[in-house]
Amino acid sequence: MTIQRLTNAEIALMELLWETSPLTARQICDRLYDDSKKSQHGTVQRLLQSLEEKEFVNRDRSLGVQLFTPTLSREAYGARQLESLADKLTGGSIAPLLTHLLEADKLDNAEIKRLRKVLAEARKHG
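Predicted model only: the values in this text are computed from it and were never measured. (Residues numbered from 1 in each chain as written. Predicted model: local features only at pLDDT ≥ 70, side-chain atom pairs only at ≥ 80, totals over all residues. Heavy atoms only, no water.)

1. Quick word on the environment of Glu103
Put simply, the rule reads: Only DSSP runs of H or I reaching four residues or more are called helices, and only runs of E reaching two or more are called strands; each is numbered from the N terminus.
Tracing the chain through its elements places Glu103 in helix α5 (residues 95-103). When the C-alpha atoms of Glu103 and Ala76 are compared, they prove to be 25 Å apart, with 27 residues separating the residues in sequence.

Right, here's the structure in full:
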């Protein structure tokens, strides 16, 4: 399944929503641009509109103030991006990417243990 890529600014906003949600546009603005001397409300509104159009956020209009929540988890977004990368670089195979991460010592023991468990489960189910 192909999923649209997010810009760096959109990812920063999504990171905030993944950590704490729901949030209002004002709360997002205050947290993303707390040190800015100039209002960034328009920027945040444009980012939220883009994310809503891409179906990454849900806007709840049922209250007096609009609340925003992510429509997919950080893990789901990462998994879809990894699948897309594998499609482009390795003909859809994840194995070369995992092999590289293992050989480059990029996975800690807990992650390796988790992979072993996933592989054992996959082997059981065919």
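2. A short note on the nonpolar core
In a soluble, globular protein the nonpolar side chains are often hidden away together inside. The criterion, for reference: By nonpolar core is meant a set of buried Ala, Val, Leu, Ile, Met, Phe, Trp, Tyr and Cys residues that side-chain atoms within 4.5 Å join together. Only protein chains enter the calculation, and the probe is 1.4 Å; a residue is then buried if its accessible area is under 20% of its type maximum, exposed if over 50%, and partly exposed in between. The contact definition used throughout considers only heavy atoms, calling two residues in contact when any of these lie within 4.5 Å.
With 19 residues, the main nonpolar core has Met14, Leu17 and Ile28 as its most contacted residues. Every element with two or more residues in this core is listed here: α1 (8-19), α2 (25-32) and α3 (41-53). The biggest single contributor to this core is α1, with five residues. With near-sequence residues (within four places) excluded, Met14 lies in contact with Leu6, Leu51, Phe56, Val57 and Pro70.

3. As for α1
To be explicit about the condition: For a helix, the expected span equals 1.5 Å multiplied by the number of residues minus one.
Between its first and last C-alpha, α1 extends 17 Å over twelve residues, near the 16 Å set by a 1.5 Å rise per residue. The set of residues buried in α1 consists of Glu10, Leu13, Met14, Leu16, Leu17 and Trp18. The inward-facing, buried residues of α1 abut α2, α3, β1 (57-60), β2 (67-70) and α4 (74-90).

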